[in-house]
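Given next are the chains, with one letter for each unit.
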Amino acid sequence: MSRARCHLRAALFLAAVSPRGATTGVAARRGLSAWPAPREPGMEYQDAVRTLNTLQTNANYLEQVKRQRGDPQTQLEAMELYLARSGLQVEDLDQLNIIHITGTKGKGSTCAFTERILRNYGLKTGFFSSPHLVQVRERIRINGQPISPELFTKHFWHLYNRLEETKGDSSCVSMPGYFRFLTLMAFHVFLQEKVDLAVMEVGIGGAYDCTNIIRKPVVCGVSSLGIDHTGLLGETMEKIAWQKGGIFKCGVPAFTVLQPDGPLAVLRDRAQQISCPLYLCPPLEALEEGGPPLTLGLEGEHQQSNAALALQLARCWLQRKDHQGIGELKVSRPSLLGQLPLAPVFQPTSHMQHGLRDTEWLGRTQLLRRGPLTWYLDGAHTTGSMQACVRWFRQALHRRERPGSSGSEVRVLLFNSTGDRDSAALLKLLQPCQFDYAVFCPNLTEMSSVDNADQQNFTVTLDQVLLRCLTHQQHWSHLREEQASPDLWSTPSPEPGGPTSLLVVPHPPHSTSSLVFSCISHALQWISQGRDPVFQLPSPPRGLLAHPVASSGAIILQEAAAIHVLVTGSLHLVGGVLKLLEPSLSQ
């Protein structure tokens, strides 16, 4: 632990607090402020978000769910109580024509595809998702756009004050947690805005998720399943599938994509127990036969199953609402694996084709090309999604290769992972990408987030997140040394360099240097070296190049003909990077 503490001091030295964000005492160590902002002209939105942040933290909420998971009905009853206190009844939600989507990976992309397809039919759409990348209002969208700061502020204070007024006995929890509050707020926004339909993404799980208060969705979907949130959902794919199938409702059609045999059987049994008709989506190629190839707005082969699921969900919604133009049926095919009936094979309409093509979903297989820099952004945080991310990244690099091109190319990994996820397993999957530099930093945009409530996180301290980054760095070092040496019994020796040493130098076959920075801004400054035409800061913070590896690496980055940067491991990390690289997203 003493060596880790030494590295921690080094990280703080390497990336000093910038003058604008300088704080003192506990606030400086956290890089956060827990006090609500004063009401000032033009600050109403930030004030609302700061107040939202004072609600029960996500970490505490997850602990509460773990304690109560033996009785999910208790959680749904609590959600019903909050809904009633907010002025709504469960029956009121039946008006929303909801498409309810869960899964481990791809559920957000599936929601985005589905919403865009249906918006192409001229329908007014609502869209609730999590987490947000830059601003919390991204979680609640109307017609694909985050609600305005004014609308967010209006609905926030209306709901917050209503819950305060109705809290009654002080022994009761007066306010729902962060995610529950936003779920309630989404219901109010969608009802007041009179949307034609609402696409609702499940937060975590299904059976225990607060969105499962919905009684009568129009259709349900389950995207690809994998291992994640094991402390809450269970440690096996079968247990996780049981949780995800908890959103199924009697008589409501549901669709899923091809899953491993065990989870697929669990979903089938879960659906049969409550008379829910569950269908298996045919692959996207089956829908393309005899028609033009389908172009997806989101890159990566793994998006094909998300698009196939979205097409079935959109078509089913249109069919159940007696909408015209749902796509001509093709010849029926036998079910795959014989476990589930196959969903209809149909010819996608022009609205569907254009919807798939025009879908945007920031932070998922997203490319930003800026001069010599290419940023590859993907919030993969499970083993399955990381495998897909690596395939996408390597394919994208291959497409950009130019025979006979001159000049050096540098590959940089920017990584962080949070919660109970196995960062060593994720980093192992990234080894084939052959990075020249691995950079680790917390999900803090700047050392201080007092000026940006959307990025505040009260669940951890700066010490904790930096120590976790140093753990990532150690995992990376061990993986590189294992790959370089056939002697599996050898132990890596610590690198010299005193308290300011942040570098891990493994041996060939491919040498990778690693650094830890205390915030995203400092990491991006070192990676970009002022060569990104949009991300331009007046001067680097004191100590940014204090370590020899940082200074020598800066020269290499300044002279490189091309720099390829993969940002992955956490959607919150990707969100912080987007906030700095795309300032317009903060407006």
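Residues numbered from 1 in each chain as written. Predicted model: local features only at pLDDT ≥ 70, side-chain atom pairs only at ≥ 80, totals over all residues. Heavy atoms only, no water.

## Describing the side chain of Ser223
Okay, so step 1: Relative to the assigned elements, Ser223 resides in the loop between β6 (219-222) and α9 (230-233).
Okay, so step 2: A residue is classified by how much of its surface remains accessible, and Ser223, at 0% relative accessible area, is buried.
Okay, so step 3: A distance of 3.0 Å separates the side chain of Ser223 from the backbone oxygen of Lys105, its partner in a polar contact.
Okay, so step 4: Residues within four places of Ser223 in sequence aside, it is in contact with Thr102, Gly103, Thr104, Lys105, Gly106, Lys107, Thr110, Val257, Gln259, Asn306 and Leu309. (Helix = DSSP H or I, 4+ residues; strand = E, 2+ residues; numbered from the N terminus. Buried < 20%, exposed > 50% of the residue type's maximum accessible area, 1.4 Å probe, protein only. Polar contact = N/O pair within 3.5 Å; in protein donor to acceptor, adjacent residues only side chain to side chain. Contact = heavy atoms within 4.5 Å.)

## Thoughts on the environment of Leu479
Okay, so step 1: Counting through the fold element by element, Leu479 comes out in helix α17 (residues 462-484).
Okay, so step 2: Sequence separation between Leu479 and Ala424 is 55 residues, and the spatial gap between their C-alpha atoms is 8.3 Å.
Okay, so step 3: With residues up to four places along the chain from it excluded, the contact list for Leu479 reads Ala424, Leu427, Lys428 and Gln431.

## Digging into the packing of helix α10 (residues 237-244) against helix α11 (residues 261-273)
Okay, so step 1: In contact at an axis separation of 8 Å, α10 and α11 are set at 30° when each is read in the N-to-C sense. In terms of orientation, α10 and α11 fall into the roughly parallel class. The hand of the α10/α11 crossing is right-handed. Packed against α10, whose contacting residues are Met237, Glu238, Ala241 and Trp242, the element α11 presents Gly262, Pro263, Val266, Leu267 and Arg270 at the interface.
Okay, so step 2: Of the residues belonging to the contact of α10 with α11, the class tally is 6 nonpolar, 1 polar and 2 charged. (Axes fitted to C-alpha atoms, helices over the stretch in contact; angles between N-to-C directions. Parallel < 35°, antiparallel > 145°, perpendicular 65-115°, else oblique. Left-handed = near helix turned anticlockwise from the far one by under 90°. Nonpolar A, V, L, I, M, F, W, Y, C, P; charged D, E, K, R; others polar.)

## Considering the state of the cysteines
Think of a disulfide as a covalent bridge from one cysteine sulfur atom to another cysteine sulfur atom.
Okay, so step 1: Following the criterion strictly, the structure yields 0 disulfides and no others.
Okay, so step 2: Looking at Cys433, it has no disulfide partner, and the nearest cysteine sulfur is the one in Cys389, 7.3 Å off.
Okay, so step 3: Overall, the relative accessible area of 0% leaves Cys433 in the buried class. (Disulfide = S-S within 2.5 Å.)

## Details of α11
Okay, so step 1: In this model, α11 (13 residues) spans 18 Å end to end at C-alpha, consistent with the 18 Å of a helix rising 1.5 Å per residue.
Okay, so step 2: Looking at the buried positions of α11, the neighbouring elements they touch are β6, α10, β7 (254-256) and β8 (278-280).
Okay, so step 3: After α11 finishes, the residue Ser275 shows a positive phi value of roughly 60°. (Expected span 1.5 Å × (residues − 1).)

## What to know about the pairing of strand β12 (residues 373-377)
Okay, so step 1: Counting buried positions over the 5 residues of β12 gives 5, a clear majority of the element.
Okay, so step 2: Taking every second residue as pointing to the same face, both faces of β12 are buried, with Leu373, Trp375 and Leu377 on one and Thr374 and Tyr376 on the other.
Okay, so step 3: Here 5 bridges tie strand β11 (residues 366-370) to β12, and the two strands are oriented antiparallel to one another. By the bridge assignment, Gln366 is partnered in β12 with Leu377.
Okay, so step 4: Taken together, the 5 bridges between β12 and strand β16 (residues 562-568) define a ladder with parallel strand orientation. Bridging across to β16, Leu377 finds its partner in Val567. (Pairing = 2+ DSSP bridges.)

## Side note on the nonpolar core
Okay, so step 1: The biggest cluster of nonpolar side chains holds 59 residues, and the ones touching the most others in it are Ile99, Phe248 and Leu311.
Okay, so step 2: Tallying contributions element by element places helix α13 (residues 303-320) first for this core, with 10 residues.
Okay, so step 3: If near-sequence neighbours (up to four positions away) are discounted, Ile99 is found in contact with Thr114, Leu118, Leu197, Ala198, Val199, Met200, Val219, Leu313 and Trp317.
Okay, so step 4: One finds Leu83, Leu151, Phe179 and Ala198 within the second-largest nonpolar core, a separate group that totals 43 residues. (Core = buried A, V, L, I, M, F, W, Y, C linked by side-chain atoms within 4.5 Å.)

## Some remarks on the sheet that holds β7
Okay, so step 1: Strand order in this open sheet of 8 strands is β4-β3-β2-β5-β1-β6-β7-β8, and the pairing throughout is mixed. What marks the edges here is a single partner per strand, and that holds for β4 (145-146) and β8.
Okay, so step 2: The sheet contact formed by β6 and β7 spans 3 bridges and is parallel. Note on β7: the bridge partner recorded for Cys220 is Ala254.
Okay, so step 3: Of the strands in this sheet, β1 (98-102), β2 (125-128), β3 (140-142) and β5 (197-201) are in contact with helix α8 (residues 178-193), which crosses β3 at around 15°.

## Structural notes on unusual backbone geometry
Okay, so step 1: Here the residue pair Ser130 and Pro131 is connected by a cis peptide bond, since its omega of -5° sits within 30 degrees of zero.
Okay, so step 2: Relative to the helices and strands, Pro131 is located in the loop between β2 and β3.
Okay, so step 3: With phi around 50°, Asn97 is a residue other than glycine that occupies positive phi space.
Okay, so step 4: Turning to its location among the elements, Asn97 is positioned in the loop between α5 (72-85) and β1.
Okay, so step 5: In this structure Asn97 comes out as buried when scored by relative accessible area, which is 18%.

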